[in-house]
Amino acid sequence: MIVKRDILTPELFLELYTSVGWEPPCVEQVRTALEHTLSAFVAYDNDLPVGMVRLIGDGGMSYYLKDFAVIPAYQGKGAGTLLMNAMEAFIQDSIAPGWAVSLELISTKEAVPFYLGKGFEECPCDWDGPGMFKMI
């Protein structure tokens with residue numbers, strides 16, 4: 001498997017997004033989101049796209065992992081780890097030496113063990129409040 005960066009189209013996004021059972025937004029909304037995405041990563045097994053993740057952020061202190069989806073047949077087979085590694089390498093290459101940045105996300109219940117295994121902490125944690133979000 002390989003990871004390609006910044007090749008995600010609205011159509012491919014919707015294909016991967018719905019493969020995990022998520023209710024899709026309209027294609028115009030996806031197109032706008034992709035135009036404002038810092039970077040996007042797609043995992044391929046030969047010519048088959050098997051997973052994606054988008055990264056949004058300010059480039060200085062905060063990054064947010066969004067729309068991390070791996071098609072069910074490839075879950076647990078390393079595609080997610082490849083995507084995570086590519087995204088974290090991009091962040092490391094993008095920040096100045098010595099900087100510490102925050103990488104945040106909202107997980108599905110099923111994906112919590114994956115993220116814990118990648119060094120994420122559940123919110124609330126001992127030193128901070130809970131992660132929160134509001135849909136508008």
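Caption draft 1: Region of interest: the sheet that holds strand E3 (residues 48-57). Reading across from one edge, E1-E2-E3-E4-E5 is the order of the 5 strands in this open sheet, with mixed pairing throughout. Edge positions in the sheet fall to strand E1 (2-5) and strand E5 (102-104), since each has one partner strand and no second. Between one strand axis and the next, the sheet turns through 25° on average, direction left out of account. Here strand E4 (residues 62-70) pairs with E5 via 3 bridges, running parallel.

Caption draft 2: Spatial organisation of unusual backbone geometry. Cis geometry is adopted by the peptide bond preceding Pro 124, which originates at Cys 123 and carries an omega value of 5°. Relative to the elements of secondary structure, Pro 124 occurs in the segment after helix H4 (112-117). At Asn 46, a residue that is not glycine, the phi angle is positive and equals roughly 55°. Structurally, Asn 46 can be placed in the loop between strand E2 (39-45) and E3. A residue is classified by how much of its surface remains accessible, and Asn 46, at 68% relative accessible area, is exposed.

Caption draft 3: Inspection of the side chain of Asp 67 at higher detail. In this structure, Asp 67 sits in strand E4. Take Asp 67: its relative accessible area is 11%, and that puts it in the buried class. Discounting residues that sit within four places of it in the chain, Asp 67 has contacts with Phe 13, Tyr 17, Trp 22, Met 52, Val 53 and Arg 54.

Caption draft 4: Structural detail: the packing of helix H1 (residues 10-19) against helix H2 (residues 27-35). Closest axis-to-axis distance for the H1/H2 pair is 9 Å, and the angle between their directions is 110°. The pairing of H1 with H2 is recorded here as roughly perpendicular in orientation. Touching Pro 10, Glu 11, Phe 13 and Leu 14 of H1 are Val 27, Val 30, Arg 31 and Leu 34, all from H2. Of the residues contributing to the contact of H1 with H2, the split by class is 6 nonpolar, no polar and 2 charged.

Caption draft 5: A look at the nonpolar core. Grouped together as the largest cluster of nonpolar side chains are 35 residues, with contacts concentrated most on Leu 8, Phe 13, Met 52, Leu 65, Phe 68 and Tyr 115. Looking at this core, the elements with two or more residues in it are H1, H2, E2, E3, E4 and helix H3 (79-94). Counting residues per element, this core draws most heavily on H3, which supplies 6 residues. Once residues within four sequence positions are removed from consideration, Met 52 is found in contact with Leu 8, Phe 13, Leu 16, Tyr 17, Phe 41, Val 42, Asp 67, Phe 68, Ala 69 and Leu 83.

Caption draft 6: Layout of the packing of aromatic side chains. Under the defined criterion, the tally for this structure stands at 7 aromatic pairs. On the basis of an interplanar angle of 75° and a centroid distance of 5.4 Å, the ring pair of Phe 114 and Tyr 115 is categorised as edge-to-face. With 5.6 Å between their ring centres and 75° between their planes, Tyr 115 and Phe 120 make a pair best called edge-to-face. Across the pair, exposure class does not vary: Tyr 115 and Phe 120 are buried alike. Connected via pairs of aromatic rings, a cluster forms that spans Phe 68, Phe 114, Tyr 115 and Phe 120.

Caption draft 7: Spotlight on H1. Buried residues of H1: Pro 10, Leu 12, Phe 13, Leu 14, Leu 16 and Tyr 17, and no others. For H1, the elements touching its buried residues are H2, E2, E3 and E4. Backbone geometry just downstream of H1 places Gly 21 in the positive-phi region, at approximately 90°.

Parameters and conventions
- Residues numbered from 1 in each chain as written.
- Predicted model: local features only at pLDDT ≥ 70, side-chain atom pairs only at ≥ 80, totals over all residues.
- Heavy atoms only, no water.
- Pairing = 2+ DSSP bridges.
- Helix = DSSP H or I, 4+ residues; strand = E, 2+ residues; numbered from the N terminus.
- Axes fitted to C-alpha atoms, helices over the stretch in contact; angles between N-to-C directions.
- Buried < 20%, exposed > 50% of the residue type's maximum accessible area, 1.4 Å probe, protein only.
- Contact = heavy atoms within 4.5 Å.
- Parallel < 35°, antiparallel > 145°, perpendicular 65-115°, else oblique.
- Nonpolar A, V, L, I, M, F, W, Y, C, P; charged D, E, K, R; others polar.
- Core = buried A, V, L, I, M, F, W, Y, C linked by side-chain atoms within 4.5 Å.
- Phe/Tyr/Trp six-rings, centres within 6.5 Å; stacked < 30°, edge-to-face > 60°.

Remember, this is a structural readout, not a statement about activity or role.
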